[in-house]
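# Structural description and commentary
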Amino acid sequence: MWLGEIVFWVSVAFVAYAYVGYPLALGVVSLFRTRGVARADVSPPVTFIITAYNEEERIAEKLENTLKLIYPREKLEIIVASDCSSDETDEIVRTYGDRGIRLVRASVRKGKEAAQKLAVDVAKGEILVFSDVATILPEQAISNIVKNFHDPTVGCVSSVDRFIDQDGQVSGEGAYVQYEMFLRSLETRVNSLVGLSGSFFAARKEVCKGNWSEELQSDFNTVLNSMHVGLRGVADPDSVGYYKNIADERKEYDRKVRTVLRGISVFMRSLALVNPWRNSLFAWQLLSHKLCRWLVPFAMMTAFASNAFLALYSRWYALLFVIQILFYSVALGGILCKPLLRLPIIRLSSYFLLVNASIFQAWVRYWSGERLVTWEPSQR
């Protein structure tokens with residue numbers, strides 16, 4: 001029985017560390033170590049890269065939004081990287097040619113990062129800013145995000161995610177997104193981000209050129225490339241990207257699976273960065289933020305199984321097992337009965353369960369040998 005107790009409490013502690021212990025530890029470290037970001041009003045040459053695949057319904061809105069961004073026009077290059085779109089996307093982009101927007105088109109569909117690489121290879125700017133078609137940016141977006149590159153230690157910068165509803169109004173972020181943004185602010189204060197917002201981020205050209213992978217998730221891999229060259233990633237609270245929630249919940253779940261699957265691939269190709277003798281602080285961050293989070297589903301299953309065994313011998317563990325069953329029942333209730341999601345505790349429980357189910361499915365697909373390269377933009 002004692003072995004079952006050890007397994008149970010280690011599993012519980014693992015889940016607690018992944019979601020609570022790590023940010024608490026970052027908060028403690030920040031009391032002794034802080035790395036500020038030396039921001040300043042600078043205007044380096046910028047290449048703004050929009051990646052698109054079959055976006056004929058939204059590309060014009062994105063281009064109009066981009067043309068309204070306030071930045072010295074002589075220092076701004078705008079490139080649309082088309083991943084061999086088969087609809088009218090490329091034709092629409094070409095109509096903006098006389099307004100300074102350039103199209104680069106992949107001859108064969110290879111995926112988002114391959115299309116981005118085409119733009120990276122021809123970009124003239126010192127700073128490369130990446131954005132998705134579905135992301136709407138405020139007028140000062142470029143001006144704000146490049147301020148961070150006044151700091152010579154900064155290699156890449158992440159924006160802050162904001163949701164908008166179907167009417168275009170800013171909506172309240174979910175608890176999970178607020179948690180992620182808070183975690184990024186702590187990581188920036190202590191050392192470096194571990195991941196960027198893929199919908200809107202920026203990087204020095206030297207970080208991207210020559211290091212860009214056509215197969216690896218760019219928002220995660222760009223941070224790792226920055227660390228490889230001795231730079232870091234930071235979050236900028238003034239750089240905001242607005243995007244809509246995915247209306248189809250099944251597609252949102254599939255998006256989470258794809259994101260984690262691609263993230264695991266990046267992690268497995270970058271194991272040198274978890275070497276504590278090379279960069280102990282970042283290695284700890286990488287393991288804590290990414291790998292520990294991705295192992296939570298297994299800790300949850302282990303805690304449930306060991307608790308079921310212990311409940312046969314102890315009323316105390318029987319009570320804990322009942323609490324676990326109630327938690328999963330509440331979470332499933334929210335998934336199966338949407339009106340229940342109006343209650344915050346049910347909404348949070350359901351989201352937590354779905355997130356970890358998507359992580360587990362991503363591992364299954366990774367172990368089966370699946371690797372994602374091509375992409376389907378999320379319809380929001």
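These figures come from a predicted structure and were not determined experimentally. (Residues numbered from 1 in each chain as written. Predicted model: local features only at pLDDT ≥ 70, side-chain atom pairs only at ≥ 80, totals over all residues. Heavy atoms only, no water.)

## Section: the overall build of the protein chain
Within the protein chain one finds 12 helices and 7 strands. Summarising its shape, the C-alpha atoms of the protein chain cover approximately 75 × 45 × 40 Å along the three principal directions. Scored against the burial criterion, the 380 residues of the protein chain give a buried share of 52%. When contacts within the protein chain are restricted to residue pairs at least 6 apart in sequence, those whose partners lie at least 24 apart make up 80%. As presented, the protein chain carries roughly 17500 Å² of accessible surface, and 60% of it is formed by carbon and sulfur atoms. Positive and negative side-chain charges of the protein chain, numbering 43 and 39 respectively, have mean locations separated by a distance of 5 Å. (Helix = DSSP H or I, 4+ residues; strand = E, 2+ residues; numbered from the N terminus. Buried < 20%, exposed > 50% of the residue type's maximum accessible area, 1.4 Å probe, protein only. Contact = heavy atoms within 4.5 Å. Areas by Shrake-Rupley, 256 points an atom, 1.4 Å probe, with all protein chains shown as cover. Lys, Arg positive; Asp, Glu negative; His and termini not counted. Charge placed at Lys NZ, Arg CZ, Asp CG, Glu CD.)

## A closer look at a nonpolar patch on the surface
Taken together, the side chains of Trp2, Leu3, Ile6, Val7 and Val10 present a nonpolar region at the surface, about 510 Å² in accessible area. Among the structural elements, Val7 can be located in helix α1 (residues 2-30). (Patch = residues over 30% accessible without salt bridge, like charges linked within 9 Å, V, L, I, M, F, W, Y side chains within 5 Å. Salt bridge = Lys/Arg side-chain N within 4 Å of Asp/Glu carboxyl O.)

## Re the nonpolar core
In this structure, Phe130, Phe220, Phe282, Leu286 and Trp294 are the most contacted members of the largest nonpolar core, which totals 59 residues. If you tally residues by element for this core, the top one is helix α10 (residues 276-310), at 9 residues. Once residues lying within four places of it in the same chain are set aside, the contact partners of Phe130 are Ile49, Gln116, Val120, Ser199, Phe200, Phe201, Cys208 and Trp212. Core analysis: the second largest hydrophobic core is formed by 30 residues, Leu63, Val80, Tyr96 and Val129 among them. (Core = buried A, V, L, I, M, F, W, Y, C linked by side-chain atoms within 4.5 Å.)

## Here we look at the packing of helix α6 (residues 175-190) against α10
α10 packs onto α6 with a crossing angle of 170° between their chain directions and a minimal axis gap of 12 Å. In terms of axis orientation, α6 runs roughly antiparallel to α10. Residue-level contacts link Tyr176, Tyr179, Glu180, Leu183, Glu187 and Val190 of α6 to Leu281, Gln285, His289 and Arg293 of α10. Residues belonging to the contact of α6 with α10 are distributed by class as follows: 5 nonpolar, 2 polar and 3 charged. (Axes fitted to C-alpha atoms, helices over the stretch in contact; angles between N-to-C directions. Parallel < 35°, antiparallel > 145°, perpendicular 65-115°, else oblique. Nonpolar A, V, L, I, M, F, W, Y, C, P; charged D, E, K, R; others polar.)

## Details of the environment of Val157
By the element assignment, Val157 lies in strand β5 (residues 154-164). Classification of Val157 by relative accessible area gives buried; the value is 0%. Between the C-alpha atoms of Val157 and Val146, which are 11 residues apart in sequence, the distance is 8.4 Å. If sequence neighbours within four positions are ignored, Val157 has contacts with Ile145, Asn148, Phe149, Leu196, Phe201, Ala202, Val234 and Asp236.

## A closer look at the packing of aromatic side chains
Inspection of the entire model under this criterion finds 20 aromatic pairs. Judged by centre distance (4.9 Å) and plane angle (20°), the ring pair of Phe130 and Phe201 falls under stacked. On the criterion of sequence distance, the pair formed by Phe130 in strand β4 (residues 127-132) and Phe201 in strand β6 (residues 200-204) is long-range, its members being 71 residues apart. Both residues of the pair, Phe130 and Phe201, belong to the buried class. Ring centres of Phe327 and Tyr328 lie 5.2 Å apart, and the angle between their planes is 70°; this geometry places the pair in the edge-to-face category. Classification of Phe327 as partly exposed rests on a relative accessible area of 27%. Exposure remark for Tyr328: the relative accessible area of 17% places this residue in the buried category. (Phe/Tyr/Trp six-rings, centres within 6.5 Å; stacked < 30°, edge-to-face > 60°.)

## A look at the environment of Gly333
Note that Gly333 resides in helix α11 (residues 315-336). Between the C-alpha atoms of Gly333 and Ile346, which are 13 residues apart in sequence, the distance is 7.9 Å.

## Structural notes on the pairing of strand β2 (residues 76-82)
With 7 of its 7 residues buried, β2 lies for the most part within the structure. Neither face of β2 is open: one carries Leu76, Ile78, Val80 and Ser82, the other Glu77, Ile79 and Ala81, and all of them are buried. As paired elements, strand β1 (residues 46-52) and β2 share 7 bridges and run parallel to each other. Residue Ile50 lies in a different strand from β2, and its bridge partner there is Val80. Tracing the backbone out of β1, into helix α2 (residues 59-67) and back to the parallel element β2 gives a crossover that is right-handed. As paired elements, β2 and strand β3 (residues 101-105) share 5 bridges and run parallel to each other. Residue pairing across strands places Ile78 opposite Ile101, the latter belonging to β3. (Pairing = 2+ DSSP bridges. Right-handed = clockwise from strand over helix to strand, strands pointing away.)

## Some words on the pairing of β6
Of all the 5 residues making up β6, 5 are buried; the element is thus mostly covered by neighbouring parts of the structure. Alternating positions in β6 separate into two faces, Phe200, Ala202 and Arg204 on one and Phe201 and Ala203 on the other, with burial throughout. Two elements, β4 and β6, share 5 bridges in a ladder whose sense is antiparallel. Note on β6: the bridge partner recorded for Leu128 is Ala203.

## Notes on the side chain of Ser11
Looking at the element boundaries, Ser11 is found in helix α1. With relative accessibility at 7%, the residue Ser11 sits in the buried group. Engagement of the side chain of Ser11 in a polar contact is seen with the backbone oxygen of Val7, the distance being 2.8 Å. (Polar contact = N/O pair within 3.5 Å; in protein donor to acceptor, adjacent residues only side chain to side chain.)

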